[in-house]
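Notes for the structure review
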Amino acid sequence: MKSSIALLLLFVAASWAEQGLNSTALPIFTKGNGIFQVEYNGICPLDNIQYPVVTRLWVDGELVIPNLGDGATLQMTSRSSMGNAYNPTQGGDCKGNPSILSGYIPNWSMGLGISPANGLLLGVTPRNWNQQENGEACMGAGAPLPIAFNWGMTMGDGVNFPLQGMILDMGIQRQPGAQVLIKRISEFPSAFPFSSILHYAYYSIDGTNYGQITDGQTCDVLAWPNGPVYGLNARIVYLSTSGNPETGWGMAFIGNPNKLVYISVSNRPTPEGNVAAMTMTGATDGTEVIADYASHLKRTVVAVGNLDTIRAVTANAWSKITAWGDI
């Protein structure tokens, strides 16, 4: 199963390269299933630029992830040993230059019997984010890197997969000249929901029991200092509206049931209000790398709802999805 997924991603990447598409006047796509509504390639109100990512996400009609530009939406990134100084980012670089949309399939499905109308697939040549290796200062425009990103999304249809679940297929392939990428400091994916809505942080290892992610004192992200990242090794990261995970509702990243990875949350100020940056990486330590030129895949499920709904989506995903990729 893993090999067939890799071949599909390679075939799609080859087709996109032949189309010769560029990053200007991007087509704007909106997909919905009654629970999720997702916008791609929307115009950022802060800089009037289009970035090839999920630019806004609504849950039950409420805007949860705003369009904050290239580095703060819902997307994938990777890093080498140089950290933010070699950081291929789906959105673009730290100066606001967008990554290159190399192609797209507006109706696409990962399978499970779900209609292609419930998803889409993007191909992106990512720019280097190009910040200081261990700092926040932008070092100027980041060049497009010799790396191919594939971003696939399939929303649940309520029959073959829950409406409250959205499956992300994130493919990555190095090309000659690319640095070796480290899975532990790569994000598959990252998201920046409003922390005024989702500001209590939790994790789970088994999909049933949930513990707090704290700064040493509280799991309330809004009470954390701006910037520092707090995390641990788990299979699920969950942001909730409530200080009691059993009440309220939230959004989760659900990963491979057979692999622990590092997950994290941080509090970030933005012009639109604070956001809770949530990430799921590809490993627990720095020993796992992408050093070849093969296609690699990471599958993650985004789930929304109260905790019982998150548990139900988790159980469904862990029983139905047999191939989670090799990241």
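Each residue is numbered by its place in its chain's sequence as written, counting from 1. Restriction of local features to residues with pLDDT of at least 70 applies here, the model being predicted, together with a cutoff of 80 or more for giving and counting side-chain atom pairs; totals for whole chains, interfaces and linings are based on all residues. Hydrogens and waters are ignored; side-chain quantities use all the structure's heavy atoms.

Brief notes about the state of the cysteines
We call a pair of cysteine sulfur atoms a disulfide whenever their separation is within 2.5 Å. For the structure shown, the criterion picks out one disulfide. There is a disulfide in this structure between Cys94 and Cys138, and the S-S distance comes to 2.0 Å. Residues Cys94 and Cys138 are joined through a disulfide that is right-handed, its torsion about the S-S bond being 75°. Within this pair, whereas Cys94 is found in the loop between strand 6 (88-89) and strand 7 (100-105), its partner Cys138 is found in the loop between strand 9 (127-128) and strand 10 (147-155), the two being separated by 44 residues in sequence. Left unpaired, Cys44 is separated from the closest cysteine sulfur, that of Cys94, by 15 Å. Labels follow the DSSP assignment, with helices taken as runs of H or I lasting at least four residues and strands as runs of E lasting at least two, numbered in each case from the N terminus.

Focus on the pattern of salt bridges
It is possible for side chains bearing opposite charge to pair when their charged atoms get close. What makes a salt bridge here is a side-chain nitrogen of Lys or Arg within 4 Å of a carboxyl oxygen of Asp or Glu, nothing more. Inspection of the entire model under this criterion finds seven salt bridges. The salt bridge involving Glu39 is made with Arg56; its shortest N-O contact spans 2.8 Å. Linking Glu39 in strand 2 (residues 36-40) with Arg56 in strand 3 (residues 54-59), this pair joins segments that are 17 residues apart in sequence. Only protein chains enter the accessibility calculation, which uses a 1.4 Å probe. A residue is then buried if its area is under 20% of the maximum for its type, exposed if over 50%, and partly exposed in between. Among the residues examined, Glu39 registers a relative accessible area of 8% and is labelled buried. Classification of Arg56 as partly exposed rests on a relative accessible area of 31%. For Arg299, the salt bridge goes to Asp169, with nearest N and O atoms at 2.9 Å.

What about the confidence of the model for the protein?
In predicted models, pLDDT denotes the confidence assigned by the predictor to each residue on a 0 to 100 scale. Looking at the protein as a whole, its pLDDT mean stands at 92, while 93% of the residues score no less than 70. We call two residues in contact whenever any of their non-hydrogen atoms come within 4.5 Å of each other. Per-residue pLDDT stays below 50 along residues 1-23; that stretch engages in 35 contacts with residues further than four places along the chain or on separate chains.

Considerations on the pairing of strand 3
Taken across its six residues, strand 3 has five buried, putting it largely inside the fold. Relative to strand 3, strand 2 runs antiparallel, the two sharing five bridges. Bridging from a neighbouring strand, Phe36 pairs with Val59 of strand 3. Pairing between strand 3 and strand 4 (residues 62-65): three bridges, direction antiparallel. Along strand 4, the bridge assignment pairs Leu57 with Ile65. Counted along the chain from strand 3 to the antiparallel partner strand 4, the turn is two residues long, and its residue Asp60 has a positive phi close to 50°. Criterion used throughout: strands pair if DSSP finds at least two bridges between them.

Re the layout of surface pockets
As defined here, a cavity is a set of points on a 1 Å grid over the protein atoms alone where a 1.4 Å probe fits but cannot get out. A pocket is an open set with protein on both sides within 12 Å along at least five of seven lines, and residues line them when an atom is within 4 Å of a point. Grid points are joined across faces, edges and corners, and a volume is the space filled by probe spheres set on the points. Estimates place the volume of the largest pocket at around 1200 Å³. What lines the largest pocket is a set of 45 residues, among which Arg79, Asn84, Gln131, Glu136 and Arg268 lie closest to the centre. Elements with a contribution of two residues or more to the lining of the largest pocket: strand 5 (74-77), strand 13 (187-191), strand 19 (261-268) and strand 20 (275-280). In terms of residue count, strand 19 provides more of the lining of the largest pocket than any other element does, five residues in total. Gly is put with the polar residues, along with every residue not named as nonpolar or charged; the nonpolar set is Ala, Val, Leu, Ile, Met, Phe, Trp, Tyr, Cys and Pro, and the charged set is Asp, Glu, Lys and Arg. Class assignment for the residues of the lining of the largest pocket results in 15 nonpolar, 20 polar and ten charged.

Quick word on helix 2 (residues 307-320)
In this model, helix 2 (14 residues) spans 20 Å end to end at C-alpha, consistent with the 20 Å of a helix rising 1.5 Å per residue. Three or more residues of helix 2 are buried, namely Leu307, Ile310, Arg311, Val313, Thr314, Asn316 and Ala317. Tucked into the core, helix 2 has its buried residues touching strand 11 (165-174), strand 17 (236-240), strand 18 (250-254) and strand 22 (295-305). Taking the backbone nitrogen of Asp308 as reference, a side-chain oxygen 3.2 Å away marks Asn306 as the first, capping residue of helix 2. To estimate the expected span of a helix, count its residues, drop one, and scale the result by 1.5 Å. Here a polar contact means two N or O atoms within 3.5 Å. Within protein one must be a hydrogen donor candidate and the other an acceptor candidate, and residues neighboring in sequence count only if both atoms are side-chain atoms.

Section: the nonpolar core
In this text, buried Ala, Val, Leu, Ile, Met, Phe, Trp, Tyr and Cys residues form a nonpolar core when linked through side-chain atoms within 4.5 Å. Counting residues in each nonpolar core, the largest one holds 60 residues, and the members touching the most others are Leu57, Trp151, Met166 and Val265. With near-sequence residues (within four places) excluded, Leu57 lies in contact with Phe36, Gln37, Val38, Glu62, Leu63, Val64, Ile65, Leu74 and Met166. One finds Phe161, Ile236, Ala303 and Trp324 within the second-largest nonpolar core, a separate group that totals 22 residues.

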